[in-house]
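Structural overview
Listed here are the chains, written in short residue letters.
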Amino acid sequence: MPLIDYSFLSKILPKAKIKKSFKKAKSSYLSRVRFATALFFFGMGFCFATWASRIPDLKLSLNLSEANLGTILFALPIGQLIAMPFSGKVVAKYGSRKIAILGLLSYAFFLIFLGLPTQSWQLGLGLFLFGFFGNFCNIAVNTQGVYTQQLYEKPVMGSFHGSWSLAGFSGALLALIMLYFKLNPFEHFVTVFGIIILLIAFNYRYLVETSSNKIEEKEKVSFFKIQDKSLIWLGVISFCCMASEGIMFDWSGVYFKEIVKAPGSLVVLGYTSFMVTMAIGRFLSDVLVGKFGPRKVLIVSGFVISTGLYTAVLFPNLIACTLAFMLVGFGVSNVIPIVFNAAGTSKKVPTSIALTIVSSISFMGFLIGPPIIGYIAELTSLKYSFAFIGIFGVFISMLTFKLKLFR
């Protein structure tokens, strides 16, 4: 049994607007469905980027040290991890459409609480709830992405993840505006909550509503009992990708400052170049997959990730490292959309549970990757840390080459 009974949603939420088969719907309506799904991905990324943009202000207002902040930040992934074992089953039972709506609304609602703390434990509790409901939102919205992809003959999954990346830029831009007008985090987060409510209100009718599948009704389907073993290998591929992403998010600035010796504000050049090419790559992913197929794109993406990281290690100067981080961004951009779509089309496991399994394994890479980098850097050098993660790109290519799923 889930911790919360979601059955009341069927009485509150109107049915999807379209009555006939989605496959026979007009292309204009399908485009509206795709746009609505993309906006739900955007909403997820917008909430996360909003929180991340105000971390320095919350650190200052609560008078937290780096160590204290690092400890408190672990509350967010802990909340996600606790939700993972049953979030997929909840989505499978009550439908991704209902949980996507409730999940995104809850995600934005608990964002408000992150602007209220006057003590560190309150921030930790807020982050736990933010991560907990964020996991439901993530699984449900990605399930919607897989369903929407199945309505199209051409690949569209990459554009959904591109919308998430685009939300990162939008969230940072809004944060700059809020700081300019000297609005505090609470006022900022309330504004974002209002934006999310409008996003949901104008788009929820166009989310895909599917009838339950017999496989979803079988009691033996479980997060802990994996009927489709290929999901484990898809999770490992995602793990390698997320570890590579994690090092860019958490250590690119440090690398440019300590290894590249970038002057002044140019320390953010590596992170910025990575984010730009990752966003562009995700919007190009659908074109590349449609032309070359997911297998070739994944194999090349793995080698591009490794090439970028080893270029940064071998040529630690400003221009070379900027180009290297652009390569890493482009390489990781294609992996998650392809892997999640492959997992979501499993014939042995319901879409939501399959995505939960893969995302759980991949999330470990995002969680433990950056700390491992820190330990290796402490014992040796940050360059060796980047060289270690560079191996993961090769693993992505090798696993993709071996998996029958992509042949």
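Residues numbered from 1 in each chain as written. Predicted model: local features only at pLDDT ≥ 70, side-chain atom pairs only at ≥ 80, totals over all residues. Heavy atoms only, no water.

**Quick notes on helix H13 (residues 294–314)**
Over its 21 residues, H13 extends 30 Å from the first C-alpha to the last, a length consistent with the 30 Å expected when each residue adds 1.5 Å. The complete set of buried residues in H13 reads Val297, Leu298, Ile299, Ser301, Gly302, Val304, Ile305, Ser306, Gly308, Leu309, Ala312 and Val313. (Helix = DSSP H or I, 4+ residues; strand = E, 2+ residues; numbered from the N terminus. Expected span 1.5 Å × (residues − 1). Buried < 20%, exposed > 50% of the residue type's maximum accessible area, 1.4 Å probe, protein only.)

**Thoughts on the pattern of salt bridges**
This model, assessed by the stated rule, comprises 2 salt bridges. In this structure, Arg54 engages Asp57 in a salt bridge whose closest nitrogen and oxygen atoms are separated by 3.0 Å. Taking relative accessible area as the criterion, Asp57 reaches 27% and is therefore assigned partly exposed. (Salt bridge = Lys/Arg side-chain N within 4 Å of Asp/Glu carboxyl O.)

**Remarks on the nonpolar core**
Counting residues in each nonpolar core, the largest one holds 116 residues, and the members touching the most others are Phe40, Trp51, Leu123, Leu234, Tyr255, Phe325 and Phe386. Top contributing element to this core by residue count: helix H2 (residues 27–53), with 13 residues. (Core = buried A, V, L, I, M, F, W, Y, C linked by side-chain atoms within 4.5 Å.)

**Points about the packing of aromatic side chains**
Counting across every chain of the model gives 23 aromatic pairs. Note on Phe132 and Phe136: the rings are 5.4 Å apart at their centroids and 55 degrees apart in plane angle, and the pair reads as tilted. Placement of the pair is Phe132 and Phe136 together in helix H7 (residues 120–149), with a separation of 4 residues, close to one helical turn. With respect to class, Phe132 is no different from Phe136; both count as buried. Measuring from centroid to centroid gives 6.1 Å for Tyr255 and Phe325, while their planes differ by 45 degrees, and the two rings are tilted. (Phe/Tyr/Trp six-rings, centres within 6.5 Å; stacked < 30°, edge-to-face > 60°.)

**Some details on a nonpolar patch on the surface**
Taken together, the side chains of Leu166, Phe169, Val276, Ile280, Phe283, Leu284 and Phe330 make up a nonpolar region of the molecular surface, amounting to roughly 550 Å² of accessible area. Listing elements by their share of the nonpolar patch, those giving two or more residues are helix H8 (157–180) and helix H12 (269–292). Sort the elements by how many residues they give to the nonpolar patch and H12 lands first, with 4 residues. Take Phe169: its relative accessible area is 33%, and that puts it in the partly exposed class. (Patch = residues over 30% accessible without salt bridge, like charges linked within 9 Å, V, L, I, M, F, W, Y side chains within 5 Å. Areas by Shrake-Rupley, 256 points an atom, 1.4 Å probe, with all protein chains shown as cover.)

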